[in-house]
Amino acid sequence: MVDSQYYLPNDIGISALDCSEAFRLLSPQEKMYAHYLSRASWYGGLAVLLQTSPESANIFVLLQRIFRKQTPAQLEQVATAAGLSSEEYQAFLVYAAGLYANMGNYKSFGDTKFIPNLPKDKLKALVWASQAFQEQPAEMEALWDSCSCLLYSLENRQKQLGLGDKGITTYFSGNCCLEDAELAQKFLDSKKLSAYNTRLFKKEDGGKTCYEVRLASAVQKGQTAVKKIMSEWQRKNVCQSSSYKIFVLFVNVLQAYAANENQRKMLEEYTRSFTLGSIEAHKEGSRYWIKDKGPIVESYIGFIESYRDPFGSRGEFEGFVAVVNKAMSERFAKLVSSAEVLLPELPWPQEFEKDTFLKPDFTSLDVLTFAGSGIPAGINIPNYDDIRQTEGFKNVSLGNVLAVAYATQKEKLTFLEEGDKDLFIKWKGPSFEVQVGLHELLGHGSGKLFVQDDKGKFNFDQSKVINPETGEPVSSWYRGSETWDSKFSTIASSYEECRAECVGLYLCLNKQVLSIFGHEGQDADDVVYINWLSMVRAGLLGLEFYTPDSKSWRQAHMQARFVILRVLLEAGEGLVGLEEVTGEDGKPDARITLDRSKIPTVGKNAIHRFLCKLQVFKSTADVEGGRAVYDNYSTVSDTGAHNFLRLRETVLLRKEARKMFVQANTRISGDSVELVEYEGSAAGLIRSFTERFQDDAEQLESSLLELSKQDGESAP
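Residues numbered from 1 in each chain as written. Predicted model: local features only at pLDDT ≥ 70, side-chain atom pairs only at ≥ 80, totals over all residues. Heavy atoms only, no water.

Visitor: Help me understand the overall build of the protein chain, please; the structure alone is not making it clear to me.
Guide: When its secondary structure is counted, the protein chain shows 26 helices and 18 strands. The C-alpha radius of gyration computed for the protein chain amounts to 25 Å, which stays within 12% of the reference 27 Å derived for 716 residues, consistent with globular compactness. With the C-alpha coordinates of the protein chain rotated into their principal frame, the extents come out at 70 × 65 × 60 Å. Taking all 716 residues of the protein chain together, 60% fall into the buried category. For the protein chain, contacts bridging at least 24 residues in sequence account for 74% of all contacts bridging at least 6. Accessible surface, the protein chain as shown: approximately 27,900 Å² in total, 47% of it carbon and sulfur. Averaging the locations of the 81 positively and 96 negatively charged side chains of the protein chain gives two centres separated by 3 Å. (Helix = DSSP H or I, 4+ residues; strand = E, 2+ residues; numbered from the N terminus. Rg over C-alpha atoms; globule rule 2.2 N^0.38 Å. Buried < 20%, exposed > 50% of the residue type's maximum accessible area, 1.4 Å probe, protein only. Contact = heavy atoms within 4.5 Å. Areas by Shrake-Rupley, 256 points an atom, 1.4 Å probe, with all protein chains shown as cover. Lys, Arg positive; Asp, Glu negative; His and termini not counted. Charge placed at Lys NZ, Arg CZ, Asp CG, Glu CD.)

Right, here's the structure in full:
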């Protein structure tokens, strides 16, 4: 029997992301702009297959070739004739949908591998019976042979993403370990190069170790952004072949439909960035993006989030296109206006806050396109610290994602007392909206980094600023090209998510904040209670994303929420209760309780102390101190007041699979753009992907296979 965490259940939730009304209200020019942005995002997003696992691109092509010839409905008859039961065929459809939704065969949220929930011989029989195989038997058999073993393999290292013997990664060649990652980071820092759009390959050449830094760009040879300064190491610009060139072409075409000069200049810089592999050009484009205030069609594209790089420095490609929801955006605008009043409420000294709060755009958006491995509920970008600290950032809350992602059925609501369930269902959505707003704007948007630049200039007075944790003058800071990600590396993402979540918990107690979101009186109290209860429950649910064998966490946000659970349990005084019980089905269960009367006192004080520590370690670049505290709270053991290892088994027993989203496509019809929608099912998700790339499918698939082959040839 395969552990259930390694396959997707047949009844997994699959919902269509509704953006029809938002799209309908766009002008013809805005629709064209949204269309070409979407096309660029989808083509660029194919890079994620190569960023996930060695086999992901080949599995993708295998599925595309099958479904381009036969729709899921047409293939069902073939499956029945090949000996598959209806449950086995549904399991195949769910696997295919999962591969598309995660852009690879590892879950985007949790980094666990998933395999088809049907026997390998049954899947092979279906592939052999398909029309695609009948028409091209040699090619299809070769494709199956290239990926079928890894498609089903659950060897220990292949169960999750990770570096070295801890898991699989394609950001590094398989022979790289943590020491190689650290060495490469030091080299890149010394050359003032970002790792965001790179991968690292290690080779032995005549007994000498050589490293190759691969850079994502549309040009493969000739003068590039980094050619001159990479002479000490091998440098290879990875041409993402047809998909990447078409992606850059779409970015170029977009300039004709830009609404203003900031958008045009942004797109020019993006084109330069993706053509030459220049992060500096992407940063310049991001500066224009920040200046583009309140656009009707919002977007961002590039190598953005570093969650899935085991070292925490390399960005996964993503591109999103969304339309502003004006009513909800008004609330977020009020929150932005109140930010300068709310920031001093945070628990660190004034010197640890940015000198000036740069008021960002904060909008609620309905997603049209989100290409990448997963879709978040909110975003705070860009991630470049030097821009965020001095020039600003933008926040977005993804309204139509929130609407379907957090809808909960009472019978599936685990680990809560019966008396809390109705209240939880009623206020989960509104409370999460408040949490996302605070998390993105005042969580990720707050706090100063102490820096000494290359010329020796400090951005703080080191003779006067006192570390509140030690009572002594600040004795450490960021130097030169060091960044938050490069310094805190493996814990940076989760640590920062934890800091932002704590800000949300802390400031949601503020009556002014609750009023901005339309909550007063008892309703406001209920929103606070459910927000805190959600966080405590999420901390317990987070145990699903911990791997005992490697003692590692696979998901930054869930690790952060477990840490917060530990902090609140440690606060004592009956604030949080967590006990193991036996469920009505006779199987192990757990119950969480939260004393709502103690949230404003015991709870607030605990978060106050912990949040101050997090910010001080971050501001002062104190990696050693920050890691010691964070690793301590992240520890999952079977000793102490709570047996978290045993609770993890209970969580796995009662877990609910994360929902998948079906996204619409756009297509040009004459002089206008049409929105093509699909049903919220595995078949609908599959059809959306096969139709997404139908114009040049064979060329794209050939390119993906060639790039995957090149990676395989480079592997030791």
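Visitor: What is the right way to look at the pattern of salt bridges in this model?
Guide: One side chain can pair with another of opposite charge once the charged atoms of both are near each other. Counted under the stated rule, the structure contains 42 salt bridges. Note that Glu-701 and Arg-65 form a salt bridge whose closest N and O atoms lie 3.1 Å from each other. With Glu-701 in helix α26 (residues 697-714) and Arg-65 in helix α4 (residues 56-69), this pair connects stretches of sequence that are 636 residues apart. A relative accessible area of 3% means that Glu-701 is categorised as buried. If you follow the salt bridges from partner to partner, you end up with Arg-199, Lys-203, Glu-212, Arg-214 and Asp-711 in one network. (Salt bridge = Lys/Arg side-chain N within 4 Å of Asp/Glu carboxyl O.)

Visitor: Looking at this structure, how should I read the pairing of strand β15 (residues 588-594)?
Guide: A regular strand places its side chains so that they alternate between the two faces of the sheet. Alignment of strand β14 (residues 576-582) against β15, held across seven bridges, turns out to be antiparallel. Paired with Glu-579 across the bridge in β15 is Arg-591. What sits between the antiparallel neighbours β14 and β15 is a turn of five residues, in which Gly-586 has the positive phi angle 85°. (Pairing = 2+ DSSP bridges.)

Visitor: I tried to follow the environment of Phe-23 on my own but got confused; where do I start?
Guide: Looking at the secondary structure, you find Phe-23 in helix α1 (residues 20-24). According to the relative accessible area criterion, Phe-23 is buried, its value standing at 4%. Put simply, Phe-23 and Leu-675 are 652 residues apart on the chain and 7.8 Å apart in space, counted from C-alpha to C-alpha.

Visitor: Would you explain the nonpolar core in this entry?
Guide: One recurring pattern in soluble globular proteins: nonpolar side chains tend to sit buried together. The biggest cluster of nonpolar side chains holds 108 residues, and the ones touching the most others in it are Phe-60, Phe-67, Phe-92, Tyr-270, Phe-320 and Leu-398. Take this core: its biggest share by element is nine residues, from helix α6 (residues 86-102). Non-local contacts of Phe-320, meaning those with residues more than four positions away in its chain, are made with Ser-41, Glu-298, Ser-299, Tyr-300, Leu-365, Thr-369, Phe-370, Ile-379, Ile-381 and Val-396. Grouped together as the second largest cluster of nonpolar side chains are 93 residues, Ala-339, Ala-524, Leu-569 and Ala-606 included. (Core = buried A, V, L, I, M, F, W, Y, C linked by side-chain atoms within 4.5 Å.)

Visitor: I keep staring at the packing of aromatic side chains and nothing clicks. Help me out?
Guide: How two aromatic rings sit relative to each other is given by the distance of their centres and the angle of their planes. Taken as a whole and judged by the stated rule, the model has 33 aromatic pairs. Between the aromatic rings of Trp-128 and Trp-144, the centroid separation amounts to 6.1 Å while the plane-to-plane angle is 90°, which identifies the pairing as edge-to-face. Placement of the pair is Trp-128 in helix α7 (residues 120-129) and Trp-144 in helix α9 (residues 137-152), with a sequence separation of 16 residues. Under the relative-accessibility criterion, Trp-128 is labelled partly exposed at 24%. (Phe/Tyr/Trp six-rings, centres within 6.5 Å; stacked < 30°, edge-to-face > 60°.)

Visitor: I tried to follow the sheet that holds strand β9 (residues 394-398) on my own but got confused; where do I start?
Guide: Working definition: the strands of a sheet are paired by backbone hydrogen bonds and lie parallel or antiparallel to each other. What the five strands build is an open sheet, ordered β5-β6-β7-β9-β8; its pairing is mixed. The open sheet is flanked by β5 (297-305) and β8 (378-381), the only strands paired with a single partner. Between one strand and the next, the sheet's axes are offset by a mean angle of 35°, whatever the strand orientation. One ladder, built from six bridges, connects strand β6 (residues 316-324) with strand β7 (residues 361-371); its direction is antiparallel. Across the sheet, Val-323 pairs through a bridge with Asp-366, a residue of β7. Across the sheet, helix α13 (residues 279-291) lies against β5, β8 and β9, angled at about 150° from β5, the strand it touches most. Most of the contacts of helix α14 (residues 326-342) go to β7, to which it runs at about 135°, and overall it touches β6, β7 and β9. (Axes fitted to C-alpha atoms, helices over the stretch in contact; angles between N-to-C directions.)

Visitor: Explain helix α21 (residues 556-571) here, please?
Guide: Here α21 is 16 residues long and its end C-alpha atoms lie 23 Å apart, about the 22 Å a rise of 1.5 Å per residue gives. By the criterion of burial, α21 is predominantly enclosed, with 14 of the 16 residues buried. The N-terminus of α21 is capped by Gln-555, whose side-chain oxygen sits 2.7 Å from the backbone nitrogen of His-557. Taken from the residues just after α21, Gly-572 is the one with a positive phi, measuring 65°. (Expected span 1.5 Å × (residues − 1). Polar contact = N/O pair within 3.5 Å; in protein donor to acceptor, adjacent residues only side chain to side chain.)

Visitor: Would you take a moment to explain α14 for this structure?
Guide: The periodicity of an α-helix, 3.6 residues per turn, causes residues three or four places apart in sequence to face the same way. Between its first and last C-alpha atoms α14 spans 23 Å; for 17 residues at 1.5 Å apiece the expected length is 24 Å, and the two agree. The sharpest bend along α14 comes to roughly 30°, located at Val-336. Three or more residues of α14 are buried, namely Met-328, Ser-329, Phe-332, Leu-335, Val-336, Ser-338, Ala-339 and Leu-342. Along its buried surface, α14 packs onto β6, β7, β9, α17 (418-443), α18 (484-507) and α19 (511-516). (Bend = angle between axes of the 7 residues up to and from the residue.)

Visitor: Even after reading the chapter, I still don't get the UniProt feature "active site" (unreviewed entry) in the protein chain, so can you show me in this structure?
Guide: UniProt feature "active site" (unreviewed entry): in the numbering of this structure it lies at Glu-440. For Glu-440, the position within the fold is in helix α17. Apart from residues no more than four positions distant in its own chain, Glu-440 is found in contact with Phe-362, Gly-378, Ile-379, Asn-380, Asn-395 and Gly-445. (UniProt positions renumbered as here; feature names shortened; annotations may be inferred.)

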